[in-house]
Structures are given as structure tokens and as C-alpha cells.
Amino acid sequence: MEFTTIKGFKDILPEDVETWQRLESEARRVFHSFGFKEIRPPLLERTELFSRGIGQETDIVSKEMYTLKDSKGRGLTLRPEATASVVRAYVQHRLYLKNPIQKLFTIGPMFRHERPQKGRFRQFHQINAEIFGDPGSRSDADIIIMAMFFLETIGLSGLGLHINSLGCHKCRDSFKKELKEYLIQKIHALCLDCQRRTETNPLRVFDCKVDTCKETVSGAPSILDYICEDCQEHFESVQSYLESSGIPFVLNHKLVRGLDYYTRTTFEIQTDRLGAQNAVTGGGRYDGLVKLLGGPDHPGTGFAMGIERLVALLDEDAEQEVRTPDLFVAALGDTAEKKAFNWVNDLRRTGIWVETEYSSKGLKAQMKRAGRLGARKVLIVGEDELASGKGILRDMEKKVQEEVELQNIVNNLKGILKESTG
Ligand code: HAM
């Protein structure tokens, strides 16, 4: 039997890992400058955390969760998103007692049993950021500005910011009523799921991917005509902060997002370069969620971005810079091999990337390997060099060689290699 990754799961191979690390460390750097601290919740949580937090009628909860039972028969679920887990941690550890405004981020894998396609996986990774404790428009604008700034920092441009307001629980209800009436008139054009959603949670019809449903909602009333004065003011204020920060956006009244916890501002940052999976970032405000999950009535706002989608866009944009070893040590004969073994590790401790052979090989084979690895320089040491106290240092690009003193070789090489890398 041949073992391969299961459908929708993928290995992140060594040649891609550097891009991932760069994204992760840039996220940490940018988010720290906005005052965010990292939190690392576990991957497995009680199923109810997600079903209650995200909403029973959402695709995520109704179809996509990886759920198992523990030995006592309780449901456990591999997190399909991070917000519910971060809220759970915020409540469980009473993080609000330490600071009335908590800004948290987390990076890691999420699991959704969706149909895999370009940009959509069953295990995918998110960079996720949340602000707790501020109900105002400035924190919404701040989190959007941070997302845009991060994307710009990593070299992604040409992305479109779409924003909407879903109103508060009060004004949303009047919109839901209106929407339901509209959908009932068109009920036969809707798929069976959406016929049910019309009754249970009509907003979710906006998420449906079935063509006739998409067509039907294209003529649906706009939530922006139904939100109350307070929500209107809040949303206008978010827009004015974005405008004054020079961030262009599109008002998109169909942007309801696939999770039930959102209130007021929602947003997505979209690309037209990844086919159907066009959202690189999704987020918004979720003022009732902390309370819904057993905590105090604290507001929240946040976003998550899919790392796979960011990497795909970066791959399209740029030639990857391939790192190669600074030095290859070609040792010949027992004594030289033993000495070289120690030099290699001493040099590595100074941060220089050094490669060598594990087994005894002739010079030709070692030079071939150094060439294949792309080593910039090769130190050649055999019995003769040991006897004369001078090794040969070959510059692989310039194809020239010079002698180096073996006495104090680690320091000598450190000087030469650091000088040549500038
Ligand atoms: P979401 O829209 O479900 O929101 O996911 C956020 C991002 O994760 C998407 O824009 C996309 O880039 C990526 N993503 C989602 N599903 C997949 C998948 N199957 N394969 C690859 N990438 C995927 C949330 O998860 C919310 N928790 C965001 C949030 C945080 N809202 C407030 N705070």
C-alpha cells in the first residue's frame, strides 16, 4: 500500500516553507506594532463551541466539521476557524481583567470538510486577528487598515476591499423579515437547502453557490436600506476612517459572510486571480459572540486570512529567491574528515550555512555535490593541505582558488565569508 496525503490535505514542502515563514514572521512583526499579542489555542475543542458560536445553519457547522467522540461520548471538533476558540480563551482566562482592550492574534491550521479545489483545502492555515472590548468604528477601521498594511508589506497589491454592514440584532431582524418575504415569492427558484434556509436563517441564502439561488438573491433587497440610525452612523464612520487613511473600498450589500456571529461591519479582501476562491481575507464585528459563549457582553472585531491563498498569489508574482550554502567543506582522508567535522559545526554556530559529506568520497564526487547544492565556496583539505597548514578555498562562481591558513581556520573563514556576502 502506498501512503499519500488524504484528499484536501497537503504537505508544505521545504521549497515552500521559507515563504510561509516569511509571512508568519512579517505578520508577527506588523501585528506587534499594532499592539497585538499572540495566543495559541488548541486545535480540538468541544463541538458545541462551534455550533453555538458559528451557527447551526451555516455550511461550516451543518456540513463541514471534522467531529469525533471522546470516550465519554462527547463531541469534539477540529477547529474550522479560530475566532470561537480565541473567544473561549478570552472568557475562560478572563483576559479582559488584565486590559479592557485585548488585541490577540493566532496563526495555525483550520479544518473544513469542503470540496477541495484551487485555493480551497480541507486543512488550511489562517492568520487570525481579533480586538476585544471596543464597540466603536475606529477599531473596525484599525483592523482593516492592519490587514491591508500587512498585505502590502508582504508585497501583495491589486486586492479589492469589500465592506458591508449587517446591522445590529434589532435592525437585522426587520431586514430578515423583508428578505424572507422576498424569498418566499421566489421559493421555487431556490435549491432545497435554501428553501429551508428561507425559514430558518434567510441571510444564509446569500452564501449559496447554486446558480439559480445566486440569481434570485441578486434582486433581493439591500440590508443597507434597513439598518437603524446607530448602525448607519457606525458604518459611515468606518468608511470615513478608511477614506482618510487612503484605503479604497467597494460597498457590497451582498457580503453577509458565512458565519452567523457577525454584527455591523463585515469585510472581505478579494483577488480576481484565484478563480472562485477569491477571498484572501474575511472578517468583521461580532458584538454578541463573547456573551453567547458564556462571557461578559464585550464587543469584538477581527479577521482571518488564508495563508495558502496568500502564498499562491505570491508565487504568481515573484520568482522565489533560492538560498544556497555559503560553504562546502570537501575533506579527503581520515584525519582531514575528522578535523573538518568540527570546523563545519563551529562555523554553523556562527550562522554560516555549511555543508559537507557524511561518508568518505573522492574529490570529484564532493565537488559535484557542492556544485549541485550551489555552494558559493568550497574548502578543500586533504593530507597535503594538513601537512602544509594551508587549505584551498575555491570560489565556485569565479572559478578561482586561493590558499587559506588552516591555523585558526574557523575565524579565517568567518572573515572571508562574511566579507564576501557583504
Ligand atoms: P472565513 O471567511 O471563513 O472567516 O475564512 C477567512 C479566510 O480563510 C478566507 O478569506 C480564506 O482566505 C481562508 N479560507 C477559508 N476556508 C478556506 C479553505 N477551505 N481553504 C483555504 N483557505 C480558506 C473566518 O474564518 C472568520 N473566523 C474570520 C474572522 C476573524 N472574523 C472575525 N474574526
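A few words on the overall build of the protein chain. A count of helices and strands for the protein chain gives 15 helices and 16 strands. Every one of the 422 residues in the protein chain was classed for burial, and the buried ones make up 50%. Look at the contacts in the protein chain between residues 6 or more apart in sequence, and 70% of them connect residues 24 or more apart. Counting every atom, the protein chain has about 21500 Å² of accessible surface; 50% of that belongs to carbon and sulfur.

Between helix H5 (residues 137–153) and helix H9 (residues 229–244), whose axes approach to 8 Å, the crossing angle comes to 40°. Between H5 and H9, the crossing angle belongs to the class labelled oblique. Here H5 runs over H9; the crossing is right-handed. When H5 is examined against H9, the residues Ser 137, Arg 138, Asp 140, Ala 141, Ile 144 and Ile 145 are found in contact with a partner set consisting of His 234, Ser 237, Val 238, Tyr 241 and Leu 242. Taken together, the residues of the contact of H5 with H9 sort by class into 6 nonpolar, 3 polar and 2 charged.

Of all residues adjacent to the ligand, which total 27 residues, the nearest are Glu 81, Glu 114, Phe 121, Glu 130 and Tyr 262. Interatomic distance of 2.8 Å between a backbone N/O atom of Phe 121 and a nitrogen atom of the ligand. Interatomic distance of 2.6 Å between a side-chain N/O atom of Tyr 262 and a nitrogen atom of the ligand. The set of elements that each furnish at least two residues to the shell around the ligand consists of strand E6 (123–132), strand E10 (279–285) and strand E11 (300–306).

Spatially, E13-E12-E14-E15-E16 is the arrangement adopted by the 5 strands of the open sheet, whose pairing is mixed. The two strands at the open ends of the sheet, each matched to only one other strand, are strand E13 (354–356) and strand E16 (400–405). Ignoring strand direction, the axes of neighbouring strands in this sheet form an average angle of 25°. Bridge count between strand E15 (residues 390–395) and E16: 6 bridges; the pairing is antiparallel. Each residue of the ladder has a partner; that of Lys 390, found in E16, is Glu 405. Contacting strand E12 (327–331), E13, strand E14 (377–381) and E15, helix H13 (residues 363–373) crosses the sheet at an angle of about 170° to E12.

Calculation notes
Position numbers for residues start from 1 in each chain and track the written sequence from start to end. Per-residue local features are limited, in this predicted model, to residues with pLDDT of at least 70; the limit for side-chain atom pairs, both in listing and counting, is 80 or more; totals at the level of whole chains, interfaces and linings are taken over all residues. Hydrogens are left out, water is left out, and the side-chain values use all remaining heavy atoms of the structure. In DSSP terms, a helix is any run of H or I states spanning at least four residues, a strand is any run of E spanning at least two, and both are numbered starting from the N terminus. Note on exposure labels: buried denotes an accessible area under 20% of the residue type's maximum, exposed denotes more than 50%, and partly exposed covers the range between, all computed with a 1.4 Å probe on protein chains only. Any two residues whose heavy atoms approach within 4.5 Å at even a single point are treated as in contact. Per-residue accessibility takes into account occlusion by the displayed protein chains alone, with areas from the Shrake-Rupley method and a 1.4 Å probe. In this analysis an axis means a line fitted to C-alpha atoms, helices contributing only their contacting stretch, and an angle means the value between N-to-C directions, from 0 to 180 degrees. Should an angle fall under 35 degrees it is taken as roughly parallel, and over 145 as roughly antiparallel, whereas 65 to 115 is taken as roughly perpendicular and any remaining angle as oblique. By definition, turning the near helix anticlockwise from the far helix through less than a right angle yields a left-handed crossing, and turning it clockwise yields a right-handed one. Each residue is assigned to one of three groups, with Ala, Val, Leu, Ile, Met, Phe, Trp, Tyr, Cys and Pro labelled nonpolar, Asp, Glu, Lys and Arg labelled charged, and all others, Gly among them, labelled polar. We call a residue near a molecule or strand as soon as one heavy atom of that residue lies within 4 Å of the molecule or strand. In protein, a polar contact means a hydrogen-donor-capable atom and an acceptor-capable atom, both N or O and within 3.5 Å, with residues adjacent in sequence counting only if both atoms are side-chain atoms; elsewhere, any N or O pair within 3.5 Å suffices. Two strands are said to pair when DSSP picks up at least two bridges between them.

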